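Chain residues, written in single-letter form:
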Amino acid sequence: MEYELKESPTLDTQALEVSLGPQHPSTHGVFRMNVKLDGETIVQLKPVMGYLHRNHEKLAENMSWLGSMPYTDRLDYICSMTNNFAYALAVEKLAGLEVPERAQYVRVIMAELTRLVNHTLLVGFLLNDLGAFFTPVLYAFREREKILDLFEAVAGSRMMCNYFRFGGVKIDVTDDFIPQVKQIIRRYPKFLDEFETLLSENEILMARCQKVGILPRELAINAGVSGPMLRASGVPYDIRKVDHYSIYDRFPFRVPIGEAGDVYDRYYVRILEMRESIKILEQAVREIPAGPTISPVGLTGAKSPRNFKPPKGDAYGRIEAPKGELGFYVVSDGSAKPYRYHVRAPSFINLTILEDMCLGYKVADAIIILGSIDIVLGEVDR
Amino acid sequence: MISIEEVKRDIENKFPGTVLTVEGTSLVIPRASWRDIASFLKNDPSYALDYLSSVTGVDYKEYFEVVYHFFSVAKKEGPITVKVRTARSEAKIPSVTPIWRSAEFQEREAYDLLGIQFEGHPDLRRILMWEGFQFHPLRKDYVQENQDRPVEQF
């Protein structure tokens, strides 16, 4: 898109180039936006990334298949469970592994709890970007901590869970896990109500977010935008519904969509998605069967990862991660290490249309537009 | 959902003279006719592949392969996996960024890490490594610092 500076006969005008970031609290990490400004209006915006690049894909090529499972935790370090999920799904597709029933339920419960964590945190940080410093974030952290305690109880770590294995999960959940999840399910809607009372009809939030950063439906699809971003633009596309991976076809839930595709819609779609996640969780904890949590083949693979050799071929596994479509493309040459391992990171691809959304808005709007995309730099830079 | 064999037959009827091959569940398309076939796949209502999910490259030592995973949001179908190959010495593939914007960053990434040139890309620069970096780290002959295995020769 081109933008022309408005000439003034009495004033000498020129565009101002500013580098927003990489060290700036609003960029959620080390991300940089090179912007060209006309006054305070954004004329051009070029994202610069790679400050956190560690060539995750090359690292994975040099270790066993299971060896990169803990590394996937570090992609999107807020949602390590769903990263594990996508990688496990891709490798299971490649190796043709079955997953026992109980493990499927545990996986779904973990994935939906992760979605709650991510969306709660996003809403908190979006408000941070808007200038409501740290009050909403602390409410969000309070709730997130309860879920992270559960993760710690089953996986041994709050954030870097490393809980999934090919063909199941590492270990069965603890005895008091299900009652605790039930407690979270009971309390979470109340927390969301409280959150919404403070935020959803807040006049400042509405004034700042509505009709800002509009992403048209066609562009969203064409640019491969996924997750809540895509749905806020009015596209009812949820991979849980479309691909029916794992056991998601057993749970009835709705796919909330936005209308205008602005920042407010992205905020609100996430709130609604959390309510749908609670519905899935409710049903999952009610129906979870007893049984093994890892298949015999998977258990052998987990115990001796260097002998785990998927047959030659390639596979693409994708899931609806909280941030969008997280996909893993894995190629095996029949050896104990991946021949090629590629991560299709939702945060990275959702950044493609950052410039289109920001043009014509003010610098302060660019901050919340970036916040509403919901990026994690561990995943963008890989 | 139509099978990959049917897709192959359909494309070969539409573009006489092009020969496609099916490998597993993916379709190998010759490089020369890739851009025409790409816009056909996007615009033809029986496919409507409006969503390009993933673009990535693989170094197979003799040749490079670019792998595309397509889905259709309109029809809620997919995936159709397309592979396009290029000789290692040449390493050039027509860009699909004018057709699907989602390829913009992903092609830049494949260029950055594998050194595949995407012809017709509006802004083909390095994206993750820094400007001025000499190598392409995901190539199989790239020597890492503190590498503990012999350098591959081919």
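About the thresholds
- Residues numbered from 1 in each chain as written.
- Chains lettered and ligands numbered in written order.
- Predicted model: local features only at pLDDT ≥ 70, side-chain atom pairs only at ≥ 80, totals over all residues.
- Heavy atoms only, no water.
- Helix = DSSP H or I, 4+ residues; strand = E, 2+ residues; numbered from the N terminus.
- Rg over C-alpha atoms; globule rule 2.2 N^0.38 Å.
- Buried < 20%, exposed > 50% of the residue type's maximum accessible area, 1.4 Å probe, protein only.
- Contact = heavy atoms within 4.5 Å.
- Areas by Shrake-Rupley, 256 points an atom, 1.4 Å probe, with all protein chains shown as cover.
- Pairing = 2+ DSSP bridges.
- Axes fitted to C-alpha atoms, helices over the stretch in contact; angles between N-to-C directions.
- Buried area = accessible area lost by both parts, 1.4 Å probe.
- Salt bridge = Lys/Arg side-chain N within 4 Å of Asp/Glu carboxyl O.
- Polar contact = N/O pair within 3.5 Å; in protein donor to acceptor, adjacent residues only side chain to side chain.
- Nonpolar A, V, L, I, M, F, W, Y, C, P; charged D, E, K, R; others polar.
- Core = buried A, V, L, I, M, F, W, Y, C linked by side-chain atoms within 4.5 Å.
- Parallel < 35°, antiparallel > 145°, perpendicular 65-115°, else oblique.
- Left-handed = near helix turned anticlockwise from the far one by under 90°.
- Patch = residues over 30% accessible without salt bridge, like charges linked within 9 Å, V, L, I, M, F, W, Y side chains within 5 Å.
- Arc of directions from axis to C-beta.

### Here we look at the overall build of chain B
- A count of helical and extended segments in chain B gives three helices and seven strands.
- Helices and strands in chain B line up, N terminus first, as α-β-β-α-β-β-β-β-α-β.
- For 154 residues, the compact-globule formula gives about 15 Å, and the C-alpha radius of gyration of chain B, at 17 Å, lands near that figure.
- Taken over the C-alpha atoms alone, chain B extends approximately 50 × 30 × 25 Å along its principal axes.
- Relative to its 154 residues, chain B shows a buried fraction of 56%.
- Of the contacts made within chain B by residues no fewer than 6 positions apart, 47% connect residues no fewer than 24 positions apart.
- Counting only carbon and sulfur atoms, one obtains 49% of the accessible surface of chain B, whose full area is about 6900 Å².

### Quick look at the sheet that holds strand β10 (residues 340-344) of chain A
Residues and elements named next belong to chain A.
- With respect to topology, three strands assemble into an open sheet ordered β8-β9-β10, the strand pairing being antiparallel. The sheet terminates laterally at β8 (313-321) and β10, the two strands that pair on one side only. Averaged over all pairs of adjacent strands, the angle between their axes in this sheet comes to 10 degrees, without regard to strand direction.
- One ladder, built from nine bridges, connects β8 with strand β9 (residues 324-332); its direction is antiparallel. Opposite Ala321, over in β9, you have Gly324 as the bridge partner.

### A look at the interface of chain A and chain B
- Counting from both sides, the interface comprises 40 residues of chain A and, opposite them, 41 residues of chain B.
- On the chain A side of the contact with chain B, A:Lys58, A:Asn222 and A:Tyr339 bury the most area, a combined 19% of that side's loss.
- The shortest N-O distance in the salt bridge between B:Arg101 and A:Asp356 comes to 3.0 Å.
- Summed over the shared surface of chain A and chain B, the result is 22 residue pairs in polar contact (both at pLDDT 80 or more).
- Sorting the residues of the side of chain A that touches chain B by element identifies β5 (41-48), α1 (56-61), α8 (217-222), β8, β9, β10, α13 (346-350) and α16 (377-381) of chain A as the ones contributing at least two each.
- Residues of the side of chain A that touches chain B, tallied by class, amount to 19 nonpolar, nine polar and twelve charged.

### Topic: the nonpolar core
- Judged by nonpolar contacts, the single largest core of 172 residues is most densely connected at A:Tyr163 and B:Tyr68.
- Sort the elements by how many residues they give to this core and helix α4 (residues 101-130) of chain A lands first, with 14 residues.
- With residues near it in sequence (within four places) discarded, A:Tyr163 still touches A:Met81, A:Asn84, A:Val106, A:Met110, A:Val154, A:Ala155, A:Val169, A:Lys170, A:Ile171, A:Asp172 and A:Val173.

### A few points about the packing of helix α6 (residues 177-199) of chain A against helix α11 (residues 263-287) of chain A
Residue and element names in this part refer to chain A.
- Relative orientation of the contacting elements α6 and α11 amounts to 160 degrees, with a least axis distance of 10 Å. For the element pair α6 / α11, the angle class is roughly antiparallel. Relative to α11, α6 is oriented so that their crossing is left-handed. Here α6 contributes Ile178, Val181, Lys182, Ile185, Tyr188, Pro189, Leu192, Asp193, Glu196 and Leu199 to the contact with α11, which in turn contributes Tyr267, Tyr268, Ile271, Met274, Arg275, Ile278, Leu281, Glu282 and Val285.
- Residue composition of the contact of α6 with α11, by class: 14 nonpolar, no polar and five charged.

### Quick look at the pattern of salt bridges
- One pass over the full model with this rule turns up 41 salt bridges over all chains.
- Ionic contacts of the salt-bridge type, sharing partners, join the residues A:Glu112, A:Arg115, A:Arg231, A:Asp238, A:Arg240, A:Glu273 and A:Glu320 into one network.

### Concerning the side chain of A:Glu92
All names here are of chain A.
- On the secondary structure map, Glu92 appears in helix α3 (residues 80-95).
- The class of Glu92 is buried, set by a relative accessible area of 5%.
- With residues up to four places along the chain from it excluded, the contact list for Glu92 reads Leu97, Val99, Arg107, Arg165, Phe166, Gly167 and Gly168.

### What to know about the packing of α4(A) against α11(A)
All names here are of chain A.
- Relative orientation of the contacting elements α4 and α11 amounts to 155 degrees, with a least axis distance of 9 Å. Classed by the angle they form, the pair α4 and α11 counts as roughly antiparallel. For the pair α4 and α11, the crossing hand works out as left-handed.

### Topic: a nonpolar patch on the surface
Residue and element names in this part refer to chain A.
- On the surface, Phe133, Phe134 and Leu138 cluster together into a nonpolar patch covering about 360 Å² of accessible area.
- Following the sequence through the fold, Leu138 ends up in helix α5 (residues 135-155).
- Judged by its relative accessible area of 56%, Leu138 falls in the exposed class.

### Section: the pairing of strand β5 (residues 77-87) of chain B
Residue and element names in this part refer to chain B.
- As paired elements, strand β2 (residues 26-29) and β5 share four bridges and run parallel to each other. Pairing of Val28 across the sheet is with Lys83, part of β5.
- Relative to β5, strand β4 (residues 63-72) runs antiparallel, the two sharing nine bridges. Bridge pairing in β5 places Tyr68 opposite Val82.

### Observations regarding the sheet that holds β5(B)
All names here are of chain B.
- Read from one edge to the other, the open sheet built from five strands follows the order β1-β2-β5-β4-β3, with strand pairing classed as mixed. One side of each edge strand has no neighbouring strand; the edge strands of this open sheet are β1 (21-23) and β3 (51-59). The mean angle between the axes of side-by-side strands here comes to 25 degrees, regardless of whether they run parallel or antiparallel.
- Pairing geometry for β1 and β2, over three bridges, is antiparallel. Within the sheet, the bridge partner assigned to Thr21 lies in β2 and is Val28.
- Lying on the sheet, helix α1 (residues 4-14) is in contact with β1, β2 and β5; it crosses β2 at an angle near 25 degrees.

### Some points on α1(B)
Residue and element names in this part refer to chain B.
- Along α1, the positions that sit buried rather than exposed are Ile4, Val7, Lys8 and Ile11. Buried residues in α1, looked at end-on, bunch into an arc of 100 degrees, giving them a common side.
- Looking at the buried side of α1, the elements it contacts are β1, β2, α2 (34-43) and β5.

### Quick look at unusual backbone geometry
Residues and elements named next belong to chain A.
- In this model, Phe134 sits at a positive phi of 70 degrees, which is unusual for a non-glycine residue.
- Among the structural elements, Phe134 can be located in the loop between α4 and α5.
- The exposure class assigned to Phe134 is partly exposed, which follows from its relative accessible area of 44%.

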